[in-house]
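The primary structure of each chain is shown beneath.
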Amino acid sequence: MQEAKVQYTIDDIVNKMKKNNRKTDTKLILKAYNYAKDNHGDQLRKSGEPYIIHPVQVAYTLAELGLDDATICAALLHDVVEDTPITHQDLINEFGNEIAEMVDGVTKLSKLNYESVEEEQVENYRKMFLAMGKDIRVIMIKLSDRLHNMRTLKYLSRDRQIANAKETMELYAPLANRLGIYSLKWELEDLGFKYLYPEDYREIVEGIDRKREERLQFIEKIQEQIKQELKSQKIEAEITGRAKHLYSIYRKMKRDNCTLDQIYDLFALRIIVNSVKDCYAALGVVHELYNPMPGRFKDYIAVPKPNMYQSLHTTLIGEKGTPFEVQIRTWDMHRIAEYGIAAHWAYKEASFAKGKKANVTVSEDKLAWLRETLEWQKDMQDPQEFLNTLKTELFEDEVYVFTPKGDIKVLPRGSTPIDYAYSIHAEIGHHMTGCKINSKMMPIITKLHNGDIVEIITSDNAKGPSRDWLKFIQSSTAKNKINAWFKKNLREENIEKGKDLIEKEIKRIGMEHSELFKPEFIQGAFNRYKFNSVEDMYASVGFGAITSGKVIARILEEYRKTHKEENVEQKLEELNQEKVNRKPSKSGVVVEGIDNCLVKLSKCCNPVPGDKIVGYITRGRGVSIHRADCSNLKDLFLDEENRMIDVYWYTEKEAAYNVDIEIFANDRSGLLADIITQIAAVKTKLIAVSSRANKERIAITEVTVEVENLEQLNEVLKAVRKVDSVYEVKRKK
């Protein structure tokens, strides 16, 4: 695999740049290299090698992709601000704004207080995407950086290998795919696969090696037949055979529930020709030679993928009924297929270097998804929601539908006519009253399929979108436009809702509005969540973009800086004393203003004392208690906000609560015994335990413990994390 790649030097980078037919500023590149080398000094990587090796390999990958001098310099310097005393201003002084801004875009945030590791991680993603919106080269550096880190992942501990591989598969490989950079995408996926599923990876590698000669003979014979026939038809072409990527084989095995021996098209042929006309002529030739497999032809030339990919794909039946895949494309299409957006960048730079006007640029439409991503992230203050939406947005799985005029629209798989309407124009969506699919009236929440012809019915009297639509739509375009409509048209209503929710939260913690809402305290919330005014803050809370609990928690952080900690806690203690006379339910929860009320702890989030909680009045089943961060709470809030009620934990008498915990570890002898010993050491009752190990020798243990409050639960989590081989412990959702 790719980990055995040669280590490149600064001379290799300069030579590669010169081969790209552009005027290379060798002096600037060498200056950046020496600056990085001097400042990283004696720093070493986990492998024990000098640190400078890493930025050099990152820069070489970008040189291969055809990026410009400034990007190569930024790649060489990409870790100096994060890992050395060098500052952003130092880079501006030495190399100018362009290079310094790119380095800043890939530098992690630091010196800020975050509520959790997850929030810090998400804020780094957010920063990266904002920088990417200003300059697409930032993400090229980040992808190359991640690729070299994955190539050298063997030097990290098993838990870090798993965490990095998972992040690569969930974020960076899909991002490379979205940008059309398949040369990076495939390698990132294969390396992620290797570390996440080592047993499956090894089985596939060994299985392919066993029959490699047999398959090569098969593909070489076909290759020669096609070559001769294309030559007789006077079609100039280059034909190459390639093995399918390991992760794509694994996905196919899982999808079709088959073994490696049952997958015959492990090799594919690629035919590269000079024109689009020759693509279709070559397709006719291969279809004459071999029978095409029904339903396996895709024309990405007529309908390019959103990431600019174009090619003809067909699966054919060879000798003895063995299927094989053929891809047909032009040289320009091949360049874009390998390098994606980088190919456009390289072409533009090369044209300028030759004094020509570039006629190939990165089309605005090709980056529409990025603009939309940046648009919706502005209003998404909740870190977890941002991360979930980001991952969903990056996974490219489309459905192709037609307008009544025959134009093609590409939408996320699972989209509805609502998504389709908003993809045309916001006003079409806002005034939508119905739809026709293939000339038949259908519900507007019907899922669309490839080839559907969709017609939207609108009315000037339409009242606008419904909040219910948010449950069915798939595209960020539609979500963004619907949310924007509610923000604009219901702003006053959202401000009132948010004000009420914040007042309730202040009342719940026993503070006074006048105490907390001072400019020096609320500025902390403004800075963290990018509010421009108090009205913006109220509107965001009322709209559901962020909870009142998170806003008040941030304001309290500032309040505590100027007030002694014990004074705040004393206020809360006094509040609890005032509430002692209230009768709690059997679950240990007091419902504000109601005694002897039926109360049930919600099983979807299993709250325990210490968790921030919210009550929801159900129909005929009393009040259900949810954690304030419960994923189901937003839907309840959106649907029937008036059925929320203030609740709090009764602290006079401790009760016992069952909590489920998931533990992930590298499997070893005695692991379960050590986990149980640690739980017992913190005097916690163990109710149930189950453990299993998968093929990758990852042990997944689930335990149910009885705790009195959140503090005791945190003690249990902390104790289990100390067990050797354990790399992740979390409360089960």
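As shown above, the structure is provided for reference.
Residues numbered from 1 in each chain as written. Predicted model: local features only at pLDDT ≥ 70, side-chain atom pairs only at ≥ 80, totals over all residues. Heavy atoms only, no water.

A.B. asks: Please explain a nonpolar patch on the surface as it appears in this structure.
C.D. replies: Together, L672, I676 and V689 give the surface a local cluster of nonpolar side chains, amounting to about 200 Å² of exposed area. With respect to the helices and strands, V689 occurs in strand β19 (residues 685–693). (Patch = residues over 30% accessible without salt bridge, like charges linked within 9 Å, V, L, I, M, F, W, Y side chains within 5 Å. Areas by Shrake-Rupley, 256 points an atom, 1.4 Å probe, with all protein chains shown as cover. Salt bridge = Lys/Arg side-chain N within 4 Å of Asp/Glu carboxyl O. Helix = DSSP H or I, 4+ residues; strand = E, 2+ residues; numbered from the N terminus.)

A.B. asks: Which parts of the structure should I look at to understand the environment of V285?
C.D. replies: With respect to the secondary-structure elements, V285 resides in helix α15 (residues 276–289). A relative accessible area of 8% means that V285 is categorised as buried. Separated by 50 residues in sequence, V285 and I235 have C-alpha atoms that sit 9.8 Å apart. Once residues within four sequence positions are removed from consideration, V285 is found in contact with E229, L230, Q233 and I235. (Buried < 20%, exposed > 50% of the residue type's maximum accessible area, 1.4 Å probe, protein only. Contact = heavy atoms within 4.5 Å.)

A.B. asks: Could you clarify how one ought to interpret the packing of aromatic side chains in this entry?
C.D. replies: Any aromatic ring pair is given by two values, namely how distant the centres are and how the planes are angled relative to each other. The final tally for this structure, using the stated rule, is 16 aromatic pairs. Residues F218 and F324 carry aromatic rings whose centres are separated by 6.1 Å and whose planes lie at 80° to one another, so their mutual orientation is edge-to-face. Of the two residues, F218 is situated in helix α13 (residues 212–232) and F324 in strand β6 (residues 323–330); the sequence distance between them amounts to 106 residues. For F324, a relative accessible area of 0% gives the class buried. An aromatic cluster is defined as three or more aromatic residues linked by ring pairs; in this entry it consists of F193, Y197, Y201, Y247 and Y250. Between K185 and the ring centre of W186, over which it is positioned, the NZ or CZ distance is 4.0 Å. (Phe/Tyr/Trp six-rings, centres within 6.5 Å; stacked < 30°, edge-to-face > 60°. Lys NZ or Arg CZ within 6 Å of the ring centre and 35° of its normal.)

A.B. asks: So what exactly am I meant to see when it comes to the pairing of strand β9 (residues 432–437) here?
C.D. replies: For a regular strand, the rule is simple: side chains alternate between the two faces of the sheet. Pairing analysis gives 5 bridges linking β9 to strand β11 (residues 454–458), with the strands arranged antiparallel. Bridging across to β11, I437 finds its partner in V454. Across 3 bridges, β9 lies against strand β10 (residues 440–442) in antiparallel orientation. The partner of C435 across the bridge, within β10, is M442. (Pairing = 2+ DSSP bridges.)

A.B. asks: What is the right way to read the pattern of salt bridges from this model?
C.D. replies: A side chain of one charge can pair with a side chain of the opposite charge if their charged atoms are brought near each other. A full pass over the atoms with the stated rule returns 16 salt bridges. Two residues, E189 and K185, come together in a salt bridge whose shortest N-O distance is 3.9 Å. Within this pair, E189 and its partner K185 are both found in helix α11 (residues 182–196), separated by 4 residues, close to a single helical turn. Assessed through its relative accessible area of 7%, K185 is described here as buried.

A.B. asks: Just to check I follow, could you spell out the sheet that holds strand β21 (residues 726–731) for this structure?
C.D. replies: If you walk across this open sheet you meet the 4 strands as β19-β20-β18-β21, and the pairing is antiparallel. For this open sheet the edge positions go to β19 and β21, each flanked by a neighbour on one side alone. Strand-to-strand twist across the sheet, computed as the mean angle between neighbouring axes with direction ignored, equals 20°. The pairing of strand β18 (residues 657–666) with strand β20 (residues 698–707) spans 10 bridges and is classified as antiparallel. Residue N666 lies in a different strand from β20, and its bridge partner there is I698. Sitting on the sheet, helix α30 (residues 671–681) touches β18, β19, β20 and β21, and the angle it makes with β20 is about 20°. (Axes fitted to C-alpha atoms, helices over the stretch in contact; angles between N-to-C directions.)

Geometric descriptors of this kind do not, in isolation, establish any biological role.
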